[in-house]
Amino acid sequence: MVKIRNLRIKFLSFALDEYDRRMWSGTVFMEYQSLKEASADIHFVSCAPKVPYWHKAICWSFRMLNRLHLTKKQFAYSNSYLYRTVVAKQLATINFNDCDAILVVAHSVIVSALPPMSTPIVYMTDAPYSGIENYYPEVSNLYSFSSRQANAISKNAWERSKLVITSSDWAKQHAIDDYGIAGDKIKVVEFGANLRSPHLGKCIKDYCSKAKLNILLSGVNWQRKGGDIAVACCQALQEKGLDVTLFIVGMEVPSEYRHLAFIKPIGFLNKNIPAQYNKYVELLLDTDIFLFPTRAECSAIVTCEAAAFGIPIFTYDTGGLGNYVVNGVNGYRLSMDSTGVNFANCIYSSYIKSELEKLSSGATMLFNAKLNWEIWADKVLTYICTIVDK
């Protein structure tokens, strides 16, 4: 078998460089660094193309049609044949013959735009396009031609790749059912926490002496992340006699909720800025419950970060969250018709049964067992070795 230290890998991404923490919420950075730390001979290649002005003009035209209410349809340019031609020109300048494997992160259009080659392609993704279309609002109601192109590019990426690493069983099943991809070439490896801290995997919360519960809601989109459900949940918990504070990170609180005393808006915290990064870590250390009523989610990094700090998670049973929140182990996944009161009942039941500490311990266990980047890198490199050998 090829030894990991002898593997030569080209790591392809639209990130500007290997230190870019913005791409894919910092996941690209963590994946690259983790593989590098695992002793792989890995070389970062940015394939971000320069988009022609006339392409931008076309995108602007589609947006204007939408804004003028002439249509409600959307055009997915980043998953279009038009964009693929630009990416292909960028990739044509790269030598792919000096490595054992090509690792493409997140973007199916990169895989689809690669020139013909014998070097095995490994594609890492959190979902096929068929899984996110009409699931995430931002990729819903596409023009029919745009939907066909996006799915054709996505399917081609899954078919061309000798190995696909995906982050959930949900994503794998979508690829099998929607695109007819062979299940044996799809490997599920969960993501890790996009944090570096000595506290990771060592925190088990003590709820016995807790007179007040700190609840965290994190995200950018208030509607998709279920902000209204979180507020209703905390109101119901207060009615049950629990003293709770809801810390809201990353999103603006709508005006109708700002008068509520139990809400503490934190705003957006940029992990690239040390002071804000440290504030986020301190917030996680002080958090007792992670409330995550998201309506659409492939694989949320924030669930790995909650697990890293031993925080029980209460979320919806949707998307790929089943790989990250295990009922009765590190939290609970509620049915999609659950209300804020239902979430409150679940949390309250765990509180009065003294189950929260057990869930905290389970969160730490899951983080150390699979929800960390060291485990992720070891599994990914092992899988790559098996295809390079053949």
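Residues numbered from 1 in each chain as written. Predicted model: local features only at pLDDT ≥ 70, side-chain atom pairs only at ≥ 80, totals over all residues. Heavy atoms only, no water.

Asker: Can you explain the overall build of the protein? Please cite residues and give values.
Answerer: When helices and strands are counted, the protein shows 13 helices and twelve strands. At 22 Å, the protein has a C-alpha radius of gyration in line with the 21 Å of a compact globule built from 390 residues. Within the protein, the proportion of its 390 residues that are buried is 56%. Considering only intrachain contacts with a sequence separation of at least 6, the fraction spanning at least 24 residues in the protein is 70%. A total accessible area of about 17,000 Å² is found for the protein, and carbon and sulfur atoms account for 52% of it. Charge-centre separation for the protein: the mean point of 41 positive side chains lies 5 Å from the mean point of 35 negative side chains. (Helix = DSSP H or I, 4+ residues; strand = E, 2+ residues; numbered from the N terminus. Rg over C-alpha atoms; globule rule 2.2 N^0.38 Å. Buried < 20%, exposed > 50% of the residue type's maximum accessible area, 1.4 Å probe, protein only. Contact = heavy atoms within 4.5 Å. Areas by Shrake-Rupley, 256 points an atom, 1.4 Å probe, with all protein chains shown as cover. Lys, Arg positive; Asp, Glu negative; His and termini not counted. Charge placed at Lys NZ, Arg CZ, Asp CG, Glu CD.)

Asker: Let's hear about the sheet that holds strand 9 (residues 263–267): which residues, and what values?
Answerer: The strand order across the open sheet built from six strands is 9-8-7-10-11-12, with neighbouring strands paired in parallel fashion. If you trace the sheet from one side to the other, it starts and ends with strand 9 and strand 12 (331–334), each paired once. With direction set aside, neighbouring strand axes in the sheet form an average angle of 20 degrees. Here strand 8 (residues 244–249) runs beside strand 9; their pairing, made up of four bridges, is parallel. Paired with L246 across the two strands is I263, which belongs to strand 9. Seen against the sheet, helix 8 (residues 227–239) touches strand 7 (213–218), strand 8, strand 9, strand 10 (289–292) and strand 11 (313–316) and runs at an angle of roughly 165 degrees to strand 8. Packed on one face of the sheet, helix 11 (residues 340–352) meets strand 7, strand 10, strand 11 and strand 12 and runs near 155 degrees to strand 11. (Pairing = 2+ DSSP bridges. Axes fitted to C-alpha atoms, helices over the stretch in contact; angles between N-to-C directions.)

Asker: Any details on empty space enclosed by the protein? Residues and values, ideally.
Answerer: This model, assessed by the stated rule, comprises one cavity of 30 Å³ or more. Taken as a whole, the largest cavity encloses approximately 40 Å³ of empty space. Every element with two or more residues in the lining of the largest cavity is listed here: strand 4 (121–125) and strand 5 (163–166). Taken together, the residues of the lining of the largest cavity sort by class into six nonpolar, three polar and one charged. (1 Å grid on protein atoms, 1.4 Å probe; cavity = no way out; pocket = protein on both sides within 12 Å on 5 of 7 lines; lining within 4 Å. Points joined across faces, edges and corners; volume = space filled by probe spheres on them. Nonpolar A, V, L, I, M, F, W, Y, C, P; charged D, E, K, R; others polar.)

The quantities given are spatial measurements derived from coordinates; they are silent on function.
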